[in-house]
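# An overview of the molecular structure
Residues per chain, in single letters:
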Amino acid sequence: MENQNGLEKYFRVLSVQSHVVSGYVGNKSACFPLQLLGLEVDLINSVQLSNHTGYKVIKGQILKSEELHDLYEGLKANELLNYTHVLTGYVGNETFLTKLTEIIQDLKQINPDTFVARIQQTAKALKNAGKSIPEKEVAFKMIENLPPEFDNVMQQIYQLNDDEFLPDKVRTILLTEEGRILSKQAKEIDNSKVLVTEEKKNIGILKKKEPKVCLCCKKCGHPASECRLKSTKEECISWQLTVGETK
């Protein structure tokens, strides 16, 4: 459904920025305008402070990279990662930035078509606003930041003729490749399950084998020649032989 601004409800934004109780910075200033434009916006506050850093006193909390990971994993577990855009702002440290980069890469791998569609939708919105983008440029943008799993199909795309190098054609190729990748991943998961099952069977067989019993101390786990009950190995072996002769 398209609104009067030319932007579509298809757009869904994950905004990772700062938040202040008093004032307007980061998520507090970005969320409302985006919603007015018709975009769905989910927020993660990288920091939550009483006020911006221009004041003498600042109180609040800083989100750690582990906490960012937990929030993302919760969204992932509930299949809520249908984002078309990621908006970032204040990042407090390098580890948080590293984790944020991993999240963005993961989002691209979960649904690369979302990012491809995003580019097409953006081009359409700009066209509706009176600024047209050449289709070839749109097609280039669609393949600009694909995850490594799509490297194999890039040569096929680059070999397209000028009249074939169009957004719809590129998207079709990418969707086909995505299906192949998902199928391959499913087979790998099935194979790993088979290996785990076989490994469990082997462990069960090993457990069923009778343990060795020492003839010297009557305990399991070592032969009589290695028994520590006697002061020397020779005494233990001699005792074992004596028992054998008695029998």
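Before reading further, recall that the structure is shown in the block above.
Note that the structure is predicted; figures quoted are calculated from it, not measured.

## A few points about the sheet that holds strand S3 (residues 60-62)
In any sheet, the strands associate via hydrogen bonds between backbone groups, in a parallel or an antiparallel arrangement. In space, the 4 strands of this open sheet follow the order S3-S2-S1-S4, with mixed pairing throughout. On the outer flanks of this sheet lie S3 and strand S4 (85-88), each paired with one strand and no other. Across the sheet, the mean angle separating the axes of adjacent strands is 35 degrees when strand polarity is ignored. Judged from the 4 bridges that link them, strand S1 (residues 12-20) and S4 form a sheet pairing that is parallel. Within S4, the position partnered with Val 16 by the bridge is Thr 88. Its contacts with the sheet place helix H3 (residues 94-110) against S1, strand S2 (40-49) and S4, and it is angled at close to 170 degrees to S4.

## Quick word on the packing of helix H2 (residues 65-77) against H3
Closest axis-to-axis distance for the H2/H3 pair is 9 Å, and the angle between their directions is 15 degrees. With respect to H3, the element H2 is oriented roughly parallel. Of the two elements, H2 crosses H3, and the hand of that crossing is right-handed. Contacts between H2 and H3 pair Ser 65, Leu 68, His 69, Tyr 72 and Lys 76 from the former with Thr 95, Phe 96, Lys 99, Leu 100, Ile 103, Asp 106, Leu 107 and Ile 110 from the latter. Its residues placed into classes, the contact of H2 with H3 shows 7 nonpolar, 3 polar and 3 charged.

## As for unusual backbone geometry
Unusually for a residue other than glycine, Glu 79 sits at a positive phi of about 55 degrees. For Glu 79, a relative accessible area of 72% puts it in the exposed group.

About the criteria used
- Residue numbers run consecutively from 1 along every chain, following the written order of its sequence.
- Confidence filtering applies because this is a predicted model: local features only for residues at pLDDT of at least 70, side-chain atom pairs given and counted only at 80 or more, and all residues used for totals across whole chains, interfaces and linings.
- Excluded from the side-chain calculation are hydrogens and water; included are all heavy atoms of the structure.
- We call two strands paired when DSSP finds no fewer than two bridges between them.
- Only runs of H or I of at least four residues qualify as helices and only runs of E of at least two qualify as strands under DSSP, and these elements are numbered from the N terminus.
- Fitted lines through C-alpha atoms serve as axes, helices being fitted only where they are in contact, and the angles separating the N-to-C directions of these axes extend from 0 to 180 degrees.
- Contacts are assigned to residue pairs that have any heavy atoms within 4.5 Å of one another.
- Oblique is the label for any angle not covered by the other classes, which are roughly parallel (under 35 degrees), roughly antiparallel (over 145) and roughly perpendicular (65 to 115).
- Should the near helix be turned anticlockwise from the far one by less than a right angle, the crossing is left-handed, and should it be turned clockwise, the crossing is right-handed.
- Side-chain classes follow a simple rule in which Ala, Val, Leu, Ile, Met, Phe, Trp, Tyr, Cys and Pro form the nonpolar group, Asp, Glu, Lys and Arg form the charged group, and the remainder, Gly included, forms the polar group.
- With a 1.4 Å probe rolled over the protein chains alone, any residue whose accessible area is under 20% of its type maximum counts as buried; one over 50% counts as exposed, and the rest are partly exposed.

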